[in-house]
Amino acid sequence: MDVGTRMTVTSPEQMRDLGRRLAKLLRPGDLVLLTGELGAGKTTLTRGLGEGLGVRGAVTSPTFVIARVHPSLSDGPPLVHVDAYRLGGGLEEMEDLDLDVSLPDSVIAVEWGEGKVEELSEDRLHVVIERTAGTDAEESDVRGVAVTGVGPRWADEDLASLAG
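All of these numbers come straight from a predicted model, not from anything done at the bench.

Engineer: Got a minute to help me understand helix α1 (residues 12-23) in this structure?
Structural biologist: Side chains of residues three or four places apart in an α-helix project in the same direction, reflecting 3.6 residues per turn. Taking 1.5 Å of rise per residue, 12 residues should cover 16 Å, and α1 covers 17 Å from first to last C-alpha, within 8% of that figure. If you check which residues of α1 are buried, you get M15, L18, G19, L22 and A23. Here the buried residues of α1 occupy an arc of 140° about the axis, which is enough to place them on one side.

Set out below in structure tokens:
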């Protein structure tokens, strides 16, 4: 059974803060899929994950390097940040990244991973970020965010607490 929550985020700072709150729920072995159009806030949320996990290095979009590993500055798990946008294939193409080797010890966040990495784990967190339909300048940063836990790992997590 999937569990989830929906919320509205009104600024990049709030998206980063959501990432920091989400990081508190994550542990080694967690797979996070991030879905949303270009500029929706996937990397901004991942930057917050990195801050919350206390990892080394600036979290930036790994579009051209495909994957970037951010080691923990403490005893927490490293963050593996993957951008699967340019990868056309499914898991076969992702296998070159050895994500299955990294997964047990790391938190793996995959942008554009829907339909490509689900086979890595029956337990995953799916974050969908959508722009709201508004043309007002104040509304340009407003996003609807749905966070859904898939699999037994997320069955007892209180994802509603993410709404802040």
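Engineer: Is there a simple way to explain the pattern of salt bridges in this structure?
Structural biologist: Between side chains of opposite charge, a pair can form as their charged atoms come close. Under the counting rule described, the total for this entry stands at 7 salt bridges. A salt bridge links D17 to R20; its shortest N-O distance comes to 3.6 Å. A residue pair is termed a helical-turn pair when its members lie 3 or 4 positions apart in one helix, as D17 and R20 do in helix α1 at 3 residues. Of the charged contacts in the structure, one is a salt bridge between R153 and D30, with a shortest N-O distance of 2.8 Å. Placement of R153 in the segment after β7 (143-150) and of D30 in the loop between α1 and β2 (31-35) is noted, with a sequence separation of 123 residues between them.

Engineer: Before we go on, may I ask you to explain the sheet that holds β2 in this structure?
Structural biologist: Working definition: the strands of a sheet are paired by backbone hydrogen bonds and lie parallel or antiparallel to each other. The strand order β1-β7-β6-β2-β5-β4-β3 describes an open sheet built from 7 strands, whose pairing is mixed. On the outer flanks of this sheet lie β1 (3-9) and β3 (67-70), each paired with one strand and no other. The sheet shows a mean angle of 15° between the axes of neighbouring strands, direction not considered. Relative to β7, β1 is paired through 7 bridges, and the arrangement is antiparallel. Following the sheet pairing, V3 is matched in β7 by G149. Along the sheet, α1 contacts β1, β6 (124-131) and β7; its crossing angle with β1, the most-contacted strand, is approximately 155°. Of the strands in this sheet, β2, β4 (79-83), β5 (107-111) and β6 touch helix α2 (residues 42-53), which is tilted by about 170° from β5.

Engineer: How do you make sense of the side chain of T46 when you look at a structure like this?
Structural biologist: Considering the arrangement of structural elements, one finds T46 in helix α2. For T46, a relative accessible area of 0% puts it in the buried group. Excluding residues that lie within four positions of it along the chain, T46 makes contacts with L34, V59, L79, H81, A109 and E111.

Engineer: Where do I start with the nonpolar core in this structure?
Structural biologist: For soluble globular proteins, nonpolar side chains are generally found buried alongside one another. L22 and V145 are the most contacted members of the largest nonpolar core, which totals 27 residues. Breaking this core down by element, the ones donating at least two residues are β1, α1, β2, α2, β5, β6 and β7. Among the elements that line this core, the one with the most residues is α1, at 4 residues. In this structure L22 touches L45, L49, L125, V127 and L162, once residues within four positions along its chain are discounted.

Engineer: Mind showing me how you'd approach the environment of V69 here?
Structural biologist: For V69, the location among the structural elements is in strand β3. Residues within four places of V69 in sequence aside, it is in contact with P78, L79 and V80.

Engineer: Quick question: what am I supposed to make of the side chain of H70 here?
Structural biologist: Residue position: H70 is located in strand β3. With a relative accessible area of 2%, H70 lands in the buried category. Only 3.1 Å separates the side chain of H70 from the backbone oxygen of R56, close enough to count as a polar contact. Setting aside residues no more than four positions away along its own chain, H70 makes contact with V55, R56, G57, A58, V59, P78, L79 and H81.

The rules we used
Residues numbered from 1 in each chain as written. Predicted model: local features only at pLDDT ≥ 70, side-chain atom pairs only at ≥ 80, totals over all residues. Heavy atoms only, no water. Helix = DSSP H or I, 4+ residues; strand = E, 2+ residues; numbered from the N terminus. Expected span 1.5 Å × (residues − 1). Buried < 20%, exposed > 50% of the residue type's maximum accessible area, 1.4 Å probe, protein only. Arc of directions from axis to C-beta. Salt bridge = Lys/Arg side-chain N within 4 Å of Asp/Glu carboxyl O. Pairing = 2+ DSSP bridges. Axes fitted to C-alpha atoms, helices over the stretch in contact; angles between N-to-C directions. Contact = heavy atoms within 4.5 Å. Core = buried A, V, L, I, M, F, W, Y, C linked by side-chain atoms within 4.5 Å. Polar contact = N/O pair within 3.5 Å; in protein donor to acceptor, adjacent residues only side chain to side chain.

These results come straight from atomic positions and should not be treated as a statement about function.
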